[in-house]
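# Structural description and commentary
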Amino acid sequence: MIVITNPFFIEDEIQILHSLLEEGLSLLHIRKPDFSELEMTQFINQIKLEFRNKLVLHNHYDLAEDFGIKRLHFSEKERKSNLDSPARFPKPCRYKSTSTHSVEDFNSLENDFDYAFLSPVFKSISKENYYPIIDLFEALKLRKNYKTKVIALGGIDSQNIHKTLENGFDDIALLGSIWNNENPVKQFKLCQKIVHSYSQSQV
């Protein structure tokens, strides 16, 4: 299960992030598009060293080497604009992820990517007027790419996690359901429990 940071300021954010990581959060995507390099440096510096291996950078990739971060995420735009670049992926990058918005785009991904977000699955919790144009559950039946894990993003919450995993997604990513909740850690634990329950039922 993945959690993406709120792009905006959240009170006690670092404390909440530590709580999520201590509760067993697998990967934390740091998405702060308006952060300067200095602000990003200060933000990462506050996160305990023991959790660095769970951090995924969405920008300021040059900081990855400084902090020993080996996971980078590329937006759809970045991925498509850097296709022919010899320095496509920064040196310390061991694990790569990206964003997609159609099954056709997901299917066309090269083997460079360990996983990809496919969104929006449901009406977004964090973005106004952002909702699926097509049924991604139906579209996912046309999946041909099984080398890249497909991660559901967009409107995922405790009410629809089971349905999402049942319909072909490998995992989920949470944003609005965590940060729009008055108790982010409690909400995370609830969602985590549902994911674990589903996984155990598949064994």
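The structure contained in this document is the topic of the report that follows. Since this is a predicted model, take the numbers as computed values, not measurements. (Residues numbered from 1 in each chain as written. Predicted model: local features only at pLDDT ≥ 70, side-chain atom pairs only at ≥ 80, totals over all residues. Heavy atoms only, no water.)

On to the environment of serine 177. Relative to the assigned elements, serine 177 resides in helix α8 (residues 176-179). Given the relative accessible area of 7%, serine 177 is considered buried. Beyond its immediate chain neighbours, meaning those up to four positions away, serine 177 contacts Ile125, Ile156, Asp157 and Gln187. Of note is the side chain of serine 177, whose polar atom sits 3.0 Å from the backbone oxygen of isoleucine 156. (Helix = DSSP H or I, 4+ residues; strand = E, 2+ residues; numbered from the N terminus. Buried < 20%, exposed > 50% of the residue type's maximum accessible area, 1.4 Å probe, protein only. Contact = heavy atoms within 4.5 Å. Polar contact = N/O pair within 3.5 Å; in protein donor to acceptor, adjacent residues only side chain to side chain.)

With that settled, consider the pattern of salt bridges. Counted by the stated rule, this structure contains eight salt bridges. In this structure, the salt-bridge partner of lysine 32 is glutamate 13, at a minimum N-O distance of 3.0 Å. Of the two residues, lysine 32 sits in the loop between β2 (27-30) and α2 (37-45) while glutamate 13 sits in helix α1 (residues 13-22), which places them 19 residues apart along the sequence. The class for lysine 32 is buried, based on a relative accessible area of 1%. Take glutamate 13: its relative accessible area is 7%, and that puts it in the buried class. One salt bridge in this structure joins aspartate 105 and arginine 79, with 3.1 Å as the shortest N-O distance. With aspartate 105 in helix α5 (residues 103-107) and arginine 79 in helix α4 (residues 76-81), this pair connects stretches of sequence that are 26 residues apart. Through salt bridges that share partners, Glu76, Arg79, Lys80 and Asp105 make up one connected network. (Salt bridge = Lys/Arg side-chain N within 4 Å of Asp/Glu carboxyl O.)

So, on to a negative patch on the surface. Taken together, Glu37, Asp62, Glu65 and Asp66 make up a surface patch of like negative charges. Within the secondary structure layout, aspartate 62 lies in the loop between β3 (55-57) and α3 (63-67). We classify aspartate 62 as exposed; its relative accessible area is 62%. (Patch = residues over 30% accessible without salt bridge, like charges linked within 9 Å, V, L, I, M, F, W, Y side chains within 5 Å. Areas by Shrake-Rupley, 256 points an atom, 1.4 Å probe, with all protein chains shown as cover. Lys, Arg positive; Asp, Glu negative; His and termini not counted. Charge placed at Lys NZ, Arg CZ, Asp CG, Glu CD.)

Here we come to helix α9 (residues 184-201). Compared with an ideal rise of 1.5 Å per residue, which puts 18 residues at 26 Å, α9 spans 26 Å between its outermost C-alpha atoms and is within 8% of the ideal. Here α9 has its buried residues at Pro184, Val185, Gln187, Phe188, Cys191, Gln192, Ile194, Val195 and Tyr198. On its buried face, α9 sits against β1 (2-4), α1, α7 (161-166), β8 (171-174) and α8. (Expected span 1.5 Å × (residues − 1).)

Burial along β8 is two-sided: Asp171 and Ala173 facing one way and Ile172 and Leu174 facing the other are all buried. For strand β7 (residues 149-152) and β8, the ladder comprises two bridges, and the chain directions are parallel. Paired with alanine 152 across the bridge in β8 is isoleucine 172. Each parallel crossover has a hand, and the one from β7 via α7 to β8 is right-handed. (Pairing = 2+ DSSP bridges. Right-handed = clockwise from strand over helix to strand, strands pointing away.)

When you tally the buried positions in α1, you get seven out of 10 residues, the bulk of the element. All buried positions along α1 are accounted for by Glu13, Ile14, Ile16, Leu17, His18, Leu20 and Leu21. Those residues of α1 hidden inside the fold are in contact with β1, β2, α2, α8 and α9. One or two steps after α1, the chain reaches glycine 24, where phi turns positive at roughly 105 degrees.

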